[in-house]
Amino acid sequence: MIVPIVMAGGSGSRLWPLSRETMPKQFIPLLEGGLSTFQATLLRLADPTFDTPIVITNNEFRFIAAEQMLACGIRGEIVLEPERRDSAAAIAVGAIVARQRDPEAVCVALASDHVVTDVEAFREDCKRAARLAATSLIMTLGIKPTHPSTAYGYLAPGEALAEAGASRLTRFVEKPKLEIAEAYVADGYLWNSGNFLFAVSTMLSELARHAPKVLEAAEAAVEKAGRDLDFLRLDPESFAQATPISIDYAVMERTEFAGMLAASFDWSDVGSWDSIHAIKPQDDDGNVLEGPAVALDTRRSLIRSEEMLTTVVGLDDVVVVSTRDAVLVASMAAAGQVKALVDQMKAAGRPEASEHLRIYRPWGWYQRIDIGGRFQVKRIHVKEGGQLSLQKHFHRAEHWVVVHGTAEVTLDGTIRVVHENESIYLPIGCTHRLKNPGRIGLELIEVQVGSYTGEDDIVRLEDIYARR
């Protein structure tokens, strides 16, 4: 079986304001049926062709990844990166973990934020590429270009290989300028999909040759890794020594063992709002309308709103995305510049660039409603069976009002059950815990009052999720 390495640690800033560092695009339900691209990737691998996946993700996303895997019935190994060091380090770690299963394993390394609708074609292409990977080639799945694009790397085919549509890879070129991209398309180059198949021995050998610091850091990080609940937590000091470099630059542009297979499946990296528009069902005017959105005399546009009614009149080829705390308006042609906009906002210290109003935790989520000089109001949702840590605060008192479900509150060692339309007061310095003992979600309104209401005024005394 092919061992999948699923990379799910990116921040996805090109789809801001929907995707942000606290909840990136691979975990957002963008697809039909409320699936995230991470879940769709895992379900694509739910086939006898593939072994259980190795998921490489950021420490901050560990519970989101675990919960989404559970929701779609997928079991696998979740490996936690202490920090982002790009795809070469992630693939190195995945290959080392796969080698522990089988020294002769063949792996497929996948990004978790791509969309493939023809699942059977994807699986068949992986089988064909895996047969070639077993002969010591590092195979890339290439996509036939639909237009000259500066957003993708390009693959130049060379000598034909045994599988139909497969060839040696003579050039691996990163994102070119438009006039060069036009020449590449005319010469039969393919887009780089970012899907790679390789024998672990070949990949680790090429990493040792071309990116030894990355491999040394990955080996040490796995060797010194520790178990934390169901996660494999890489050693932070060792992993930090890995050079931050993509697998494209580290290996694929340098190796003598590169091959490519022209993919027979459709593919999108949903890397910008115009690509989201392209994969979504459109109305007769070419518009994609999602959420409370209305358009008049508008064509070829994407309008998406989370809650607030959003309307567009008399505009063509635009992107309008409305969330609870931010609105993006852009021309479709400039959709690729959203990342630069996010970088500009980060430099200006805008928290909206990175943080959602709704923050996800292993027990559920909370969302800020209002904040002032000495107070903060939050809406808190605790999933069935979830519980917060046993904790205390030094600078604030809290009032909890239950609006849905039933709360089990521990206050200085005493347990009290709080029902809908009931409240409880938690004085400064008290030891307390919130739990949902019911079979439906628990929602409450929390009012914090005190000299400081920051998230770092939490002293955790006990925590079932092993958070510090």
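You'll find the structure just up there.
Residues numbered from 1 in each chain as written. Predicted model: local features only at pLDDT ≥ 70, side-chain atom pairs only at ≥ 80, totals over all residues. Heavy atoms only, no water.

1. So, the pattern of salt bridges
- Inspection of the entire model under this criterion finds 29 salt bridges.
- For the salt bridge of Asp-317 with Arg-300, the shortest nitrogen-to-oxygen distance reads 2.8 Å. One end of the pair, Asp-317, is in the loop between β15 (310–313) and β16 (318–322); the other, Arg-300, is in the loop between β13 (293–296) and β14 (302–305), and 17 residues separate them in sequence.
- What makes Arg-300 partly exposed here is its relative accessible area of 40%.
- Across the salt bridge formed by Glu-455 and Lys-378, the nearest N and O atoms sit 2.3 Å from each other. Of this pair, Glu-455 sits in the loop between β27 (442–450) and β28 (459–462) while Lys-378 sits in strand β20 (residues 375–382), and the two are 77 residues apart along the sequence.
- Residue classification places Glu-455 among the partly exposed positions, given a relative accessible area of 34%.
- Judged by its relative accessible area of 4%, Lys-378 falls in the buried class.
- Via salt bridges that share partners, Asp-125, Arg-128, Arg-131 and Glu-163 belong to a single interconnected network. (Salt bridge = Lys/Arg side-chain N within 4 Å of Asp/Glu carboxyl O. Helix = DSSP H or I, 4+ residues; strand = E, 2+ residues; numbered from the N terminus. Buried < 20%, exposed > 50% of the residue type's maximum accessible area, 1.4 Å probe, protein only.)

2. Examining the sheet that holds strand β19 (residues 364–371)
- A sheet is described by the order of its strands in space; here six strands give the open sequence β18-β19-β20-β27-β22-β25, paired in antiparallel fashion. Either end of the sheet is taken by a strand with one partner, and the two such strands are β18 (358–361) and β25 (423–426). Direction aside, the axes of adjacent strands within the sheet are offset by 20° on average.
- One ladder, built from eight bridges, connects strand β22 (residues 396–404) with β27; its direction is antiparallel. Its bridge partner lying in β27, Ala-397 is registered against Val-449. (Pairing = 2+ DSSP bridges. Axes fitted to C-alpha atoms, helices over the stretch in contact; angles between N-to-C directions.)

3. Overview of the packing of aromatic side chains
- According to the stated counting rule, one finds ten aromatic pairs in the structure shown.
- Linked through ring pairs, Phe-27, Phe-38 and Phe-61 together constitute an aromatic cluster.
- The ring centre of Phe-122 lies 4.7 Å from the NZ or CZ of Arg-44, which sits over that ring.
- Seen from the ring of Trp-365, Arg-358 lies directly overhead, with NZ or CZ sitting 3.6 Å from the centre. (Phe/Tyr/Trp six-rings, centres within 6.5 Å; stacked < 30°, edge-to-face > 60°. Lys NZ or Arg CZ within 6 Å of the ring centre and 35° of its normal.)

4. A look at the pairing of β25
- Judged by which residues are buried, β25 turns out to be one-sided: Ile-424 and Leu-426 face inward and are buried, whereas Ser-423 and Tyr-425, on the alternate face, are not.
- Pairing between β22 and β25: four bridges, direction antiparallel. Bridging from a neighbouring strand, Val-401 pairs with Ser-423 of β25.

5. Topic: the layout of surface pockets
- There is about 1,200 Å³ of room inside the second largest pocket.
- Lining the second largest pocket we find 49 residues, and of these Thr-22, Ile-359, Tyr-360, Arg-361 and Tyr-366 sit closest to its centre.
- Sort the elements by how many residues they give to the lining of the second largest pocket and helix α2 (residues 62–71) lands first, with six residues.
- Split into classes, the residues belonging to the lining of the second largest pocket amount to 18 nonpolar, 13 polar and 18 charged. (1 Å grid on protein atoms, 1.4 Å probe; cavity = no way out; pocket = protein on both sides within 12 Å on 5 of 7 lines; lining within 4 Å. Points joined across faces, edges and corners; volume = space filled by probe spheres on them. Nonpolar A, V, L, I, M, F, W, Y, C, P; charged D, E, K, R; others polar.)

6. Section: the packing of helix α1 (residues 37–44) against α2
- Closest axis-to-axis distance for the α1/α2 pair is 10 Å, and the angle between their directions is 50°. By the angle class used here, α1 and α2 are oblique. Seen along the crossing, α1 lies across α2 with a hand that is right-handed. Contact residues: α1 offers Phe-38, Gln-39 and Leu-42, while α2 offers Ala-65, Gln-68, Met-69 and Ala-71.
- Class assignment for the residues of the contact of α1 with α2 results in five nonpolar, two polar and no charged. (Parallel < 35°, antiparallel > 145°, perpendicular 65-115°, else oblique. Left-handed = near helix turned anticlockwise from the far one by under 90°. Contact = heavy atoms within 4.5 Å.)

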